[in-house]
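Structural description and commentary
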Amino acid sequence: MNRWRWYVCGVFCGLILAGSFGVARLGMASSAADVTAAMGSAMVAVDKVPPEDGKLRIIAFGAHPDDSEIFAGGTACLWSDLGHHVKFVSTTNGDIGHWQTAGGPLALRRTAEVQEAARILGNTVQVLDIHDGEIEPTLENRRTFTRLIRHWNADIVITHRPNDYHPDHRYTGILVQDAAYMVTVPFFCPDVPAIKKNPVFLYASDGFQKPNPFRPDIVVSIDSVIERKLDAMAELVSQFIEGGCGGSASDVPRDAADLKARQEQLRKGWLRQQHMDLANQYRDRLIELYGEEAGKKVRHAEAFEVCEYGRYPTKDELRTLFPFVAQQ
Ligand SMILES: [Zn+2]
């Protein structure tokens, strides 16, 4: 059971051919003046970067418009509630992730879905104009990832581990790894100033065992925000209600009341359960981080493992990066 819980994208991320749509830059910062930065051979619009206000700056790279929301949506709530700046980048546009529709209309639909999720979670969203199922670890993409991390001036970067069933997850993980050192090298992509302090790079949890299983360095109680996370997930209707690329006509709600019923079922069912499973699986770590009494009480969790590339934080520094853990 554990094995598939974070693999939901395999069900929902499609295998049919599709078209494309323009780069979207969306989310909490979209009301501010945007800037467009030269991104090598491509032009990628980026949100106005947050102010240097002493708050943390977190950027997550998920392969599809739902991945970052799944693996870090609760922690994003906790960060954003403290005024920290969180950005989710979908590295593909999700344009084949449905059993019935594909191409530009689906990409736009999924972009709108993560925009609504971002409104609930408190993050900013950017969806890259790369076809679902087709991202590759190219030099061009390495430059794009490097520039996005630099623009955000990230303290923390989160992504998939590179051993994963889905090629988009795998190559997104590899691209982030490839950028982990290059973000500090001044003459790699010199059009965007190199980052001065190498970020901490984190892997999101998964159940894959080979070549090595996920081993969490930080497990976050998301009990205080689990309902908000479930609210956000329920907005990803194309994926979690209609079944993504693995769905069928029977998954499509008949009317608004049916949609609401299915969203309620989602909240009570496997989506909530997978967060409970994580808390139980990593109970020892929760007790270590939160103390015996509080750690035993945690019901819902997200978990992250420090990547060996980038800056390797001490235990004390890790607590400063996850201040809500230390406060419990
Ligand atoms: Zn995915």
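A short tour of the structure in this document, coming up. Sequence positions are assigned chain by chain, starting from 1 and proceeding in written order. For a predicted model such as this one, the threshold for reporting local features is a pLDDT of at least 70, and the threshold for listing and counting side-chain atom pairs is 80 or more; totals across whole chains, interfaces and linings nevertheless cover every residue.

Let us look at the overall build of the protein chain. Counting secondary structure elements, the protein chain contains 14 helices and ten strands. Using C-beta atoms placed from the backbone, we call a residue buried if 20 or more other C-beta atoms fall within 10 Å of its own, exposed if 12 or fewer do, and partly exposed for counts in between. Within the protein chain, the proportion of its 328 residues that are buried is 49%. Here the contact rule is simple: place C-beta atoms from the backbone, and any two residues whose C-beta atoms are within 7 Å are in contact. The long-range fraction of contacts in the protein chain, counting pairs at least 24 apart against all pairs at least 6 apart in sequence, stands at 79%. Secondary structure is summarised from DSSP: a helix means a run of H or I of at least four residues, a strand means a run of E of at least two, and numbering begins at the N terminus for each.

Another aspect to go through is unusual backbone geometry. Each neighbour pair has its own omega, and for Lys210 with Pro211 the value is 0°, a cis peptide bond. By secondary structure assignment, the location of Pro211 is in the loop between β8 (200-204) and β9 (218-221). Even without glycine at this site, Asn153 takes up a positive phi of about 50°. Tracing the backbone shows Asn153 in the loop between α5 (139-152) and β7 (156-159). Its identity is not glycine, yet Cys189 carries a phi of approximately 50°, on the positive side. Here Cys189 shows up in the loop between α6 (167-182) and β8. We classify Cys189 as buried; it has 21 C-beta atoms within 10 Å.

Side-chain alternation along β9 places Ile218 and Val220 on one buried face and Val219 and Ser221 on a second face that is also buried. Sheet topology note: the β9/strand β10 (residues 301-310) ladder contains four bridges and is antiparallel. In the sheet register, Ser221 faces β10, and the bridge partner there is Ala301. A pair of strands counts as paired when DSSP detects no fewer than two bridges linking them.

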